[in-house]
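Coordinate analysis (summary)
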Amino acid sequence: MKLIRILTLLGITLFSFTLISCGSDDPAVEDDNPMGMEDDNPMTDDDPTDGLEGTTEFLFPNLVYDGLVLINDAGNNRAYLMDKEAKNVFEWPLGGNNIGNDVFLLPDGRLLASLEADSPQITFGGKGGKIQFISPDGTVEWNFDYSTADHIAHHDVELLPNGNVITMVWERITAEDATQNGSVLGVDLFPEAIIEINPTTDEIVWEWHAWDHIIQDVDDTKDNFGVVSENPQLIDFNYVPEDNGDIMHANGIAYDPDNDLIYMSVNFFHEVWVIDHGTSTAEAASHTGGNLGKGGDLIYRFGNPTAYKNPEGKRRFYNNHFPNLLDKGPSGEQKLLIFVNKIEADMEQSVVYELQLPNPLTLQANTDNEPQVTWSFTDPDLFGARVSGAVELPNGNRMIAEADFGVWEVTDGGEVVWKFNGSGFFWRAYHYDKDAPEIKALGL
């Protein structure tokens, strides 16, 4: 391994790429969104590493895609663009707000950011409570606060084609109500919800609540009793025995505009859930209606068939992040990239899967509902215990954000061609071509 790294560094020198050293200050594993300290030793103007964000390794320089990378650094509460040599080319002022995880660049150069509320009362890792549009100069063009003792927006946001914003929400269910519905924990629960906000009016125009689609099989004297294995469209909320009430812990959403579907990564269930957005709020609370006639029930789910007591299908997810929808194939098949934090339950190694979903989506009891794996990548050195994600590059490479390390770029054949190592905590890394509208809007 030492010889490989020596040869790598010599290769980098020959290609005239600059390397710098940077320390690490890894946050504690228990927090899904740890907050680190800002660098108190800023670089001087005559420092040769000024503007570099970390160390880069060009393992196969001719195979590296020459684009820009948007880094979401939740450890230092920064959102910045860098090139493949780790040179910072643009950074947005966040006004002192902590990142509540996702920060996404819009075509007009603004950020759509999930930020942390000033005094959050629900404090699970990944807490947010504040959503903003932030202009390139740091001006807050829209602010929406959604944080009380009974609910808080968290983790991820998505801009819809109609200009509205969807975000995930933890909402409080009292211990009394939870017990009446068959919970075995005897504590307040915080299941998931999704809300859609109109930024022009600040009105919540649509919502979906997991609590409307639950089932339990432990107490036939309580509500929602049924056979879990016969109802894959419903959520067994006793599956996760978290005594702090965080029983689902979703961490990412993606929107399919062609079919009006929402994909949600549910970390503690080790699954992705698919929900019909083509419903009214009333239909989303029911089991009928909407584009697919199933109301707000799960249209599809995958990653962990044991979560709904399905004896068929292979479990592949052991904690998962960033359900990233790819362009559809010629026959309309939907592919998805996802970062799985552990390749096995007791194995400190991560894996990225590209999955081809069935077309149409079908979900049946006692049936193998799992999608087909069309590509995967893992490496003994790849391990993001939390967060992380992957995107596809225009040349077919994949760019992988590893939480406590930085970013990888790998080819379709699995060759590692580039690495970036920084001292932050990397929620995600997004790719942009240098002539993309988002970049032109910044004047770069």
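Going by the structure above, here's the rest.
Rules used throughout
- Residues numbered from 1 in each chain as written.
- Predicted model: local features only at pLDDT ≥ 70, side-chain atom pairs only at ≥ 80, totals over all residues.
- Heavy atoms only, no water.
- Helix = DSSP H or I, 4+ residues; strand = E, 2+ residues; numbered from the N terminus.
- Buried < 20%, exposed > 50% of the residue type's maximum accessible area, 1.4 Å probe, protein only.
- Contact = heavy atoms within 4.5 Å.
- Areas by Shrake-Rupley, 256 points an atom, 1.4 Å probe, with all protein chains shown as cover.
- Pairing = 2+ DSSP bridges.
- Axes fitted to C-alpha atoms, helices over the stretch in contact; angles between N-to-C directions.
- Phe/Tyr/Trp six-rings, centres within 6.5 Å; stacked < 30°, edge-to-face > 60°.

1. Remarks on the overall build of the protein
When its secondary structure is counted, the protein shows four helices and 27 strands. Residue burial in the protein is summarised as follows: out of 444 residues, 56% are buried. Counting only contacts in the protein whose residues sit at least 6 apart along the sequence, the fraction spanning at least 24 positions is 58%. Only carbon and sulfur atoms are counted for the fraction: they give 48% of the accessible area of the protein, which is about 17,900 Å².

2. A look at the sheet that holds strand β18 (residues 300-302)
Strand order across the open sheet formed by four strands is β15-β16-β17-β18, with antiparallel pairing between neighbours. For this open sheet the edge positions go to β15 (250-256) and β18, each flanked by a neighbour on one side alone. Taken pair by pair, the neighbouring strands of this sheet meet at an average axis angle of 20°, ignoring direction. The sheet contact formed by strand β17 (residues 271-276) and β18 spans three bridges and is antiparallel. Across the sheet, the residue bridging to Val274 is Tyr300, located in β18.

3. Some words on the sheet that holds strand β27 (residues 426-432)
Spatially, four strands are ordered β4-β3-β2-β27 in an open sheet, and the strand pairing comes out antiparallel. Every interior strand has two partners, whereas the edge strands, β4 (88-91) and β27, have only one. On average, each strand axis in the sheet is inclined to that of its neighbour by 25°, with strand direction left out of account.

4. Quick word on the packing of aromatic side chains
Following the criterion strictly, the structure yields 16 aromatic pairs and no others. Plain terms: the ring middles of Phe124 and Phe190 are 5.3 Å apart, the flat faces sit at 75° to each other, and that makes the pair edge-to-face. On the criterion of sequence distance, the pair formed by Phe124 in the loop between β6 (111-116) and β7 (129-134) and Phe190 in the loop between α2 (175-180) and β11 (192-198) is long-range, its members being 66 residues apart. Seen from their ring centres, Tyr239 and Phe269 are 5.2 Å apart, and the 45° between their planes marks the pair as tilted.

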